[in-house]
Amino acid sequence: MPADALKCKECSTTYPLEARFVCERCFGPLEVAYTRPEGTADELRRRIQAGPHTLWRYADFLPVQHARSALPTGWTPLVKADRLARELGIRELYIKNETANPTHSFKDRVVSIALARAQELGFDTLACASTGNLANAVAAHAAAAGLPAYVLIPNDLEEQKVLATGTYGAQIVAVRGTYDDVNRLCTEVSGERPNWAFVNVNLRPYYAEGSKTLAFETVEQLGWELPDRVVGPIASGSQFTKLARGFQEFIDAGLVSGEVPVMNGAQALGCSPVATAFAEGHDIVRPVKPDTIAKSLAIGNPADGPYAIELARRTGGAIDSVTDDEIRAGISLLAKTTGIFTETAGGVTIATLKKLAERGDIGGDERVVAMVTGDGLKTLDAVRGSFEVAEIPASLDAFDERFAYEEVAA
Ligand SMILES: [Zn+2]
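Residues numbered from 1 in each chain as written. Predicted model: local features only at pLDDT ≥ 70, side-chain atom pairs only at ≥ 80, totals over all residues. Heavy atoms only, no water.

Engineer: Account for the nonpolar core, naming residues and giving values.
Structural biologist: Counting 74 residues, the largest nonpolar core has Val138, Phe250 and Ile319 as its most contacted members. Ignoring sequence-local partners within four residues, the contact set of Phe250 consists of Ile48, Tyr58, Phe61, Phe216, Val219, Trp224, Leu255 and Val256. Membership of the second largest hydrophobic core comes to 25 residues, among which are Ala129, Ala268, Val322 and Val383. (Core = buried A, V, L, I, M, F, W, Y, C linked by side-chain atoms within 4.5 Å. Buried < 20%, exposed > 50% of the residue type's maximum accessible area, 1.4 Å probe, protein only. Contact = heavy atoms within 4.5 Å.)

Engineer: Tell me what's going on with the pairing of strand S8 (residues 171-175), and back it up with residues and numbers.
Structural biologist: The pairing of strand S7 (residues 149-154) with S8 spans five bridges and is classified as parallel. Bridge pairing links Pro154 to Val175 in S8. For the crossover that starts at S7, traverses helix H5 (residues 159-167) and ends in the parallel S8, the hand is right-handed. (Pairing = 2+ DSSP bridges. Helix = DSSP H or I, 4+ residues; strand = E, 2+ residues; numbered from the N terminus. Right-handed = clockwise from strand over helix to strand, strands pointing away.)

Engineer: Let's hear about the coordination of the zinc ion: which residues, and what values?
Structural biologist: Each donor-metal-donor angle in an ideal tetrahedron of four donors is 109.5 degrees, and each such angle in an ideal octahedron of six donors is either 90 or 180 degrees. Around the zinc ion, the protein contributes the donor atoms Cys8 (SG), Cys11 (SG), Cys23 (SG) and Cys26 (SG), which lie 2.2 to 2.3 Å from the metal centre. Around the zinc ion, the four donor atoms sit at angles spanning 98 to 116 degrees, and that spread fits a shape best called tetrahedral. The sequence pattern describing where the donors of the zinc ion fall on their chain is C-x2-C-x11-C-x2-C. Here Cys8, found in strand S1 (residues 3-8), pairs with Cys26, found in the loop between strand S2 (14-15) and strand S3 (30-34); they are 18 residues apart in sequence, far enough to count as distant. (Donors = N, O, S within 2.8 Å, 3.2 Å for Na, K, Ca; no water. Tetrahedral: all angles 85-135°; square planar, octahedral: opposite > 155°, others 65-115°.)

Engineer: Residues and numbers for the sheet that holds strand S9 (residues 196-198), please.
Structural biologist: Spatially, S8-S7-S6-S9 is the arrangement adopted by the four strands of the open sheet, whose pairing is parallel. Of all strands in the sheet, those bounded by a partner on one side alone are S8 and S9. This sheet shows a mean twist of 20 degrees between the axes of neighbouring strands, independent of strand direction. Bridge count for strand S6 (residues 125-129) against S9 is three bridges, and the pairing is parallel. If you follow Leu126 over to S9, its bridge partner there is Ala197. Running over the sheet, helix H4 (residues 133-145) touches S6 and S7 and is turned about 175 degrees from S6. (Axes fitted to C-alpha atoms, helices over the stretch in contact; angles between N-to-C directions.)

Engineer: Please provide a residue-by-residue account of the packing of H4 against H5, values included.
Structural biologist: Between H4 and H5, the least distance of the axes is 8 Å, while the angle of their chain directions is 10 degrees. Viewed along their axes, H4 and H5 adopt a mutual orientation that is roughly parallel. At the point where H4 passes H5, the crossing takes the left-handed sense. Judged by residue contacts, Asn133, Ala135, Asn136 and Ala139 of H4 engage Lys161, Ala164 and Thr165 from H5. A per-class count over the contact of H4 with H5 returns three nonpolar, three polar and one charged. (Parallel < 35°, antiparallel > 145°, perpendicular 65-115°, else oblique. Left-handed = near helix turned anticlockwise from the far one by under 90°. Nonpolar A, V, L, I, M, F, W, Y, C, P; charged D, E, K, R; others polar.)

Engineer: Break down the layout of surface pockets for me, citing the residues and quoting the values.
Structural biologist: By volume, the second largest pocket amounts to about 480 Å³. What lines the second largest pocket is a set of 22 residues, and nearest its centre among them are Glu31, Ala244, Arg245, Gln248 and Glu249. Every element with two or more residues in the lining of the second largest pocket is listed here: S3, helix H9 (238-252) and helix H11 (305-314). The biggest single contributor to the lining of the second largest pocket is H9, with seven residues. (1 Å grid on protein atoms, 1.4 Å probe; cavity = no way out; pocket = protein on both sides within 12 Å on 5 of 7 lines; lining within 4 Å. Points joined across faces, edges and corners; volume = space filled by probe spheres on them.)

Engineer: Report on helix H10 (residues 273-280), specifying residues and quantitative values.
Structural biologist: Each turn of an α-helix holds 3.6 residues, which means side chains three or four residues apart point in the same direction. Among the residues making up H10, those that are buried are Pro273, Val274, Ala275, Ala277 and Phe278. Contacts from the buried residues of H10 go to strand S11 (262-268), H11 and strand S12 (318-322). Following H10 by one or two positions, Gly281 adopts a phi angle in the positive range, close to 75 degrees.

Engineer: Help me get a handle on the pattern of salt bridges, residues and values and all.
Structural biologist: Evaluated as defined, the whole model comprises 34 salt bridges. The salt bridge involving Arg367 is made with Glu92; its shortest N-O contact spans 3.2 Å. Taken together, the residues Arg367 in strand S13 (residues 367-372) and Glu92 in strand S5 (residues 92-97) connect sequence positions 275 residues apart. A relative accessible area of 14% places Arg367 in the buried class. Between Asp381 and Arg384 there is a salt bridge; the shortest N-O distance is 2.7 Å. Classification of Arg384 by relative accessible area gives exposed; the value is 60%. Salt bridges here are not isolated pairs; linked through shared partners, they connect Glu31, Glu209, Lys212, Lys242, Arg245 and Glu249. (Salt bridge = Lys/Arg side-chain N within 4 Å of Asp/Glu carboxyl O.)

Put into structure tokens, the structure is as follows:
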């Protein structure tokens, strides 16, 4: 394993690779510290290319000893979106289509890594605090591994996500409160149950590493080149910051040359504490009470918010927010130009991409990648009533009457 310690992001104190997430000295967040993977860049590239078509092909950059998961995850399509690019006036645009993961969102990545590490550390139960997609992933991966699962969610989540989670056999606990209340409760439960692995609480440093694989795949799928700009959603800010870390690790390993792309974050206006702090020039994020259709992004007190702001500034990017109507329009625009149906979080990303294009932020020679992180079947209410269904009797006359047809002359 190339990981050698957990390290505080604030004061750099190091700890062994245990289930631990907060610095004892300064209460800062911990993340995995790595040694450089063995071998030359060419050897490393060959090792990756000879690996499985899952995120485990990047085992040299992941904090587990034995790469494994019963539910293969990752290596999702990078779709060249020429019609959407034309519509928005962007030269070269790709959609990283995370709906293709086993439970149809990017959360399968983070759960894969957290579960593998949890098993190495001897935990016997998988758990999480979730806004919906993580609940799906924890339930499914626990089922595949034969572990019991407890998922704690706010009690107002989309029915589609709750139904799928329960079907995988997880115990759902619907908490009367916001995600931030759920998260606090999970931290308390985690302190009392030492054999439970809360993937995004006590296993958080390992869990967060899973998001790097999105960046690794993007580089490899672009033929070992970097995009110029990445647009992705921000909930806790973890994925957004780990994307940049993934690009940086590939640059440092000599696998690709260039700089970390310009990073653009996307939030829903109804839960936009990071976008607000960015716009006001603040480094600290003031918590908010979420009210948006983008429930998977509805984290009012985002743990990695300040790091997301620093990253956007450092790379010349920005963090924007979009209204619920813009989110619905974003879902529709993506579906009609690419054939990809995304959930509300993807609508946030595409609406933000559109805003950047209209504002003139995207240069005429740029290669842009947008992260579409979850499937539209998870949030069907967002599109209900957005189109008309033609209902007719089962007769040819009725069809012809409803849809006029003119034969084209040969
Ligand atoms: Zn510290």
